[in-house]
Amino acid sequence: MPVVLREAWSTVVPDMSDRHGPLPPLMLALTVVTGLVDAVSYLELGRVFVANMTGNVVFSGFAVAGAPGFSLAASLVALAAFAVGALLGGLIVHRGLTHRGRTLLYALLVETACVLAALIVTLLSGHPFAGGVRFALVALLGLGLGVQNAVSRALAVPDLTTTVLTLTITGVLSDSRFAGGGGSRAGRRVLSAAAMMLGAVAGAMAVLHGHPRLPLLFAAAVLAGVTVAAFALARSQAPWAAPVVRK
């Protein structure tokens, strides 16, 4: 089996004796969630991201410069909500430092609650989502994804940050043997990018075909599945559950 396919396979079907145990496929699932919610936020909430904050910083600059179609208020709300979520995620991390499975579970409970709350808001409101509804959705989703980002950073599964792909894609080429590197782990990295694209494609297709609430339903379903898995893993005493020691 080619190296790239072997790396991809070991990400989807991991070796339970590996340092990261069952975490890689769960991180892939959360990457799909990222694509789903950002599809909704960008296409339905007015050119704003709730997971990828680099875009919001750039969009804020566009808005300040007077570029049409960009909302400084929406970008700032997303940034603020994400920051609060990251802080909450940090509290979860530092309270669950002794067990990665429990840390993931606590984060997923918060994130799932945020996405479900956003879904309920969409079901109770009219479409298009505007005014206070729009900002409520940005805030709820930004909060949930801030928690996800903080905890995925602490879990430190290589190349599976669930949100940031710029460095992941850079690593595919810059670390390759063709460039003189020791190997790029292209299988896992490409799979990570594909997972986000899958979520984005599914979310965009639902929105563009008149089902703007469907991506949040999909995201909630994925989160529910990952939460059930994390609940079982929270009791594991396997080596992977021990916290990563950062140097």
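What counts and how
Residues numbered from 1 in each chain as written. Predicted model: local features only at pLDDT ≥ 70, side-chain atom pairs only at ≥ 80, totals over all residues. Heavy atoms only, no water. Helix = DSSP H or I, 4+ residues; strand = E, 2+ residues; numbered from the N terminus. Rg over C-alpha atoms; globule rule 2.2 N^0.38 Å. Contact = heavy atoms within 4.5 Å. Patch = residues over 30% accessible without salt bridge, like charges linked within 9 Å, V, L, I, M, F, W, Y side chains within 5 Å. Areas by Shrake-Rupley, 256 points an atom, 1.4 Å probe, with all protein chains shown as cover. Salt bridge = Lys/Arg side-chain N within 4 Å of Asp/Glu carboxyl O. Axes fitted to C-alpha atoms, helices over the stretch in contact; angles between N-to-C directions. Parallel < 35°, antiparallel > 145°, perpendicular 65-115°, else oblique. Left-handed = near helix turned anticlockwise from the far one by under 90°. 1 Å grid on protein atoms, 1.4 Å probe; cavity = no way out; pocket = protein on both sides within 12 Å on 5 of 7 lines; lining within 4 Å. Points joined across faces, edges and corners; volume = space filled by probe spheres on them. Nonpolar A, V, L, I, M, F, W, Y, C, P; charged D, E, K, R; others polar. Buried < 20%, exposed > 50% of the residue type's maximum accessible area, 1.4 Å probe, protein only. Polar contact = N/O pair within 3.5 Å; in protein donor to acceptor, adjacent residues only side chain to side chain. Expected span 1.5 Å × (residues − 1). Core = buried A, V, L, I, M, F, W, Y, C linked by side-chain atoms within 4.5 Å. Phe/Tyr/Trp six-rings, centres within 6.5 Å; stacked < 30°, edge-to-face > 60°. Lys NZ or Arg CZ within 6 Å of the ring centre and 35° of its normal.

A few words now on the overall build of the protein. Per the secondary structure count, the protein includes nine helices and zero strands. In terms of overall dimensions, the protein is globule-like: its C-alpha atoms have a radius of gyration of 18 Å, near the 18 Å expected for 247 residues. Overall size of the protein, expressed as C-alpha extent along the three principal axes, is 50 × 45 × 35 Å. In the protein, the proportion of contacts linking residues at least 24 apart, taken out of those at least 6 apart, comes to 73%.

To continue, consider a nonpolar patch on the surface. Taken together, the side chains of W9, V12 and V13 define a hydrophobic patch exposed on the protein surface, amounting to about 300 Å² of accessible area. Mapping V13 onto the fold places it in the loop between α1 (3-12) and α2 (23-44).

Turning our attention to the packing of helix α3 (residues 53-65) against helix α4 (residues 72-95). Between α3 and α4, whose axes approach to 8 Å, the crossing angle comes to 150 degrees. In this view, α3 runs roughly antiparallel relative to α4, as classed from their interaxial angle. The chirality of how α3 crosses α4 is left-handed. Here α3 contributes M53, N56, V57, F59, S60, A63 and V64 to the contact with α4, which in turn contributes L72, S75, L76, A78, L79 and F82.

Summed over the entire model, instances satisfying the criterion amount to one cavity of 30 Å³ or more. As a volume, the largest cavity reaches approximately 30 Å³. L30, L104, A107, L108, E111, Q148 and V151 together form the lining of the largest cavity. Listed by contribution, the elements that provide at least two residues to the lining of the largest cavity are α5 (100-124) and α6 (131-155). No other element matches α5, which puts four residues into the lining of the largest cavity. Of the residues that constitute the lining of the largest cavity, the class distribution is five nonpolar, one polar and one charged.

For the structure on display, the rule yields one salt bridge. Linking R189 and D159 is a salt bridge whose minimum nitrogen-to-oxygen distance equals 2.8 Å. One end of the pair, R189, is in helix α8 (residues 186-208); the other, D159, is in the loop between α6 and α7 (166-174), and 30 residues separate them in sequence. Exposure remark for R189: the relative accessible area of 6% places this residue in the buried category. According to the relative accessible area criterion, D159 is buried, its value standing at 12%.

What follows is about the side chain of T227. When you line up the elements, T227 lands in helix α9 (residues 214-233). Only 2.7 Å separates the side chain of T227 from the backbone oxygen of L223, close enough to count as a polar contact. Excluding anything up to four places from it in sequence, T227 contacts L105, L108, L109 and T112.

For the rest of this paragraph, the subject is α2. For α2, built from 22 residues, the straight-helix expectation of 32 Å at 1.5 Å per residue is met to within 8% by its first-to-last C-alpha distance of 31 Å. For α2, the tally of buried residues reaches 19 of 22 residues, placing the bulk of the element in the interior. G46, located one to two residues past α2, shows a positive phi value of around 90 degrees.

With 49 residues, the main nonpolar core has M27, V37, L104, L108, L141 and L216 as its most contacted residues. For this core, the secondary-structure elements that each account for two or more residues are α2, α4, α5, α6 and α9. Per-element tally for this core: the top contributor is α2, with eleven residues. The contact partners of L108, leaving out residues within four places of it in the chain, are L30, L223, V226, T227 and A230.

The next thing to look at is unusual backbone geometry. Of the consecutive residues H127 and P128, the connecting peptide bond is found in the cis state with omega at 10 degrees. With respect to the element layout, P128 can be found in the loop between α5 and α6. Notably, A156 is not glycine yet its phi reads approximately 55 degrees, a positive angle. Mapped onto the elements, A156 comes out in the loop between α6 and α7.

Below, the discussion takes up the packing of aromatic side chains. In this description, an aromatic ring pair is defined by two values, namely the gap between the centres and the angle between the planes. As enumerated under the stated definition, the model contains six aromatic pairs in all. Between the aromatic rings of F59 and F62, the centroid separation amounts to 6.3 Å while the plane-to-plane angle is 40 degrees, which identifies the pairing as tilted. Here F59 pairs with F62, and both are found in helix α3, just three residues apart, close to one helical turn. Ring geometry for F62 versus F70: centroids 5.2 Å apart, planes at 70 degrees, classification edge-to-face. Given the relative accessible area of 37%, F62 is considered partly exposed. Ring pairing ties together the aromatic residues Y42, F49, F59, F62 and F70, which thus form one cluster. A cation sits over an aromatic face here: R47 above F70, 4.7 Å from the ring centre. Directly above the ring of F135 sits R134, whose terminal nitrogen or CZ lies 5.4 Å from the centroid.

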